Amino acid sequence: PSSAEIAANTSSVTKKEALSKQKIHQKVLDKGKPEDAMPGIAGVKQPLPPHPLNGMVNKTGGKVRLTFKLEEDSLWIGTKARTEKISMSNIKNVVSEKIESDPNYHIMGIQLGPTELSIYWIY
């Protein structure tokens, strides 16, 4: 096969399944959107808020609050059990993808280590 054929075959194989269709996310999404979820605003970039963001859940379905502490250059991820304080420099990547069944609701992943296994998922 030519290099063009190989490239065409590889691109179709490496295309990833939508996050909202993946089994690990589906079990959280099947519980429904949190009652206090804030709708996303497509195509709008806003600065990080000075107040905490509520209305989200983690992969176990527990409520999550995000607080951006800009003066400390950190992100606080708060749950009922604990608050994890993460330096912004430790965040390797942020992934956000709309949920196909509800485009105003997103799955967001905050990668805290070198691999995809270190992603903290928020819904």
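It should be noted that the structure appears before, not after, this text.
Residues numbered from 1 in each chain as written. Predicted model: local features only at pLDDT ≥ 70, side-chain atom pairs only at ≥ 80, totals over all residues. Heavy atoms only, no water.

A word on the nonpolar core
A general feature of soluble globular proteins is that nonpolar side chains tend to end up buried together. We apply this condition: The set of buried Ala, Val, Leu, Ile, Met, Phe, Trp, Tyr and Cys residues whose side-chain atoms join them within 4.5 Å is what this entry labels a nonpolar core. For every residue, the accessible area (1.4 Å probe, protein chains only) is compared with the maximum for its type, and the residue is labelled buried under 20%, exposed over 50%, or partly exposed between those bounds. Only DSSP runs of H or I reaching four residues or more are called helices, and only runs of E reaching two or more are called strands; each is numbered from the N terminus. Two residues qualify as a contact provided that any one of their heavy atoms is within 4.5 Å of a heavy atom in the partner residue.
Counting residues in each nonpolar core, the largest one holds 12 residues, listed as Leu 53, Met 56, Val 64, Leu 66, Phe 68, Leu 75, Ile 77, Ile 86, Ile 91, Ile 110, Tyr 120 and Ile 122. If you list the elements that add at least two residues to this core, you get β1 (53–57), β2 (63–69), β3 (74–78) and β7 (119–122). Beyond its immediate sequence surroundings of up to four residues, Leu 75 is in contact with Leu 66, Thr 67, Phe 68, Glu 84, Lys 85, Ile 86, Met 88, Ile 91 and Ile 110. Judged by nonpolar contacts, the second largest core, of 11 residues, contains Leu 19, Leu 29, Ile 119 and Tyr 123.

Some points on unusual backbone geometry
We note that Asp 73 has phi near 55°; this positive angle belongs to a residue other than glycine. Position of Asp 73 relative to the elements: it lies in the loop between β2 and β3.

Overview of the sheet that holds strand β5 (residues 93–99)
Here is the rule we go by: By the convention used here, strands pair only if DSSP detects at least 2 bridges between them. For helices, the axis comes from a line fit to the C-alpha atoms of the stretch in contact; other axes are also lines fit to C-alpha atoms, and the angle between any two N-to-C directions lies between 0 and 180 degrees.
On the basis of which strands lie adjacent, the open sheet formed by three strands has the order β5-β6-β7 and antiparallel pairing. With one partner strand each, in any of the chains shown, β5 and β7 form the two edges of the open sheet. Strand after strand, the sheet turns through a mean of 20° between neighbouring axes, direction not considered. Here seven bridges tie β5 to strand β6 (residues 102–111), and the two strands are oriented antiparallel to one another. Counted as the bridge partner of Glu 97 is Ile 107 from β6.

What about a positive patch on the surface?
Convention followed: To count toward a patch, a residue needs a relative accessible area above 30% and no salt bridge. Like charges then connect within 9 Å, nonpolar side chains (Val, Leu, Ile, Met, Phe, Trp, Tyr) within 5 Å. Using the Shrake-Rupley algorithm and a 1.4 Å probe, accessible areas are obtained, with residue cover drawn only from the displayed protein chains. Salt bridge criterion: a side-chain nitrogen from Lys or Arg within 4 Å of a carboxyl oxygen from Asp or Glu. Under the counting rule used here, the positive set is Lys and Arg, the negative set is Asp and Glu, and His together with the chain ends is not counted. The location of each charge is read from NZ of Lys, CZ of Arg, CG of Asp or CD of Glu.
Where like charges cluster on the molecular surface, the positive patch consists of Lys 23, Lys 27, Lys 31 and Lys 59. Here Lys 23 lies in helix α2 (residues 23–29). Accessibility expressed as a relative area gives 76% for Lys 23, which makes it exposed.

Some details on the packing of aromatic side chains
Spelled out, the test is: Centres within 6.5 Å make a pair out of two Phe, Tyr or Trp rings, where for Trp the six-membered ring is used; the pair is then stacked when the planes are under 30 degrees apart, edge-to-face when over 60, and tilted otherwise. Sitting over a ring, as applied to charges here, requires NZ of Lys or CZ of Arg to be within 6 Å of the ring centre and within 35 degrees of the ring normal.
Evaluated as defined, the whole model comprises zero aromatic pairs. The side chain of Lys 69 reaches across the aromatic face of Trp 76, ending 4.6 Å from its centre.

Comments concerning the environment of Leu 70
When you line up the elements, Leu 70 lands in the loop between β2 and β3. In contact with Leu 70, other than residues within four places in its own chain, are Leu 48 and Met 88.

A word on the pattern of salt bridges
A side chain with one charge can pair with a side chain of the opposite charge if their charged atoms come near. Within the structure shown, the criterion is met by four salt bridges. The shortest N-O distance in the salt bridge between Asp 36 and Lys 63 comes to 3.1 Å. With a gap of 27 residues between them, Asp 36 in the loop between α2 and β1 and Lys 63 in strand β2 connect regions that are remote in the sequence. Salt-bridge contacts for Glu 84 lead to Arg 82; the nearest nitrogen and oxygen are separated by 3.5 Å. The class of Arg 82 is exposed, set by a relative accessible area of 54%.

Points about the pairing of β6
In textbook terms, the turn of a hairpin is the stretch between consecutive antiparallel strands, and for β5 and β6 this stretch comprises two residues. Sheet topology note: the β6/β7 ladder contains four bridges and is antiparallel. Within β7, the residue paired with Ile 110 across the bridge is Tyr 120.

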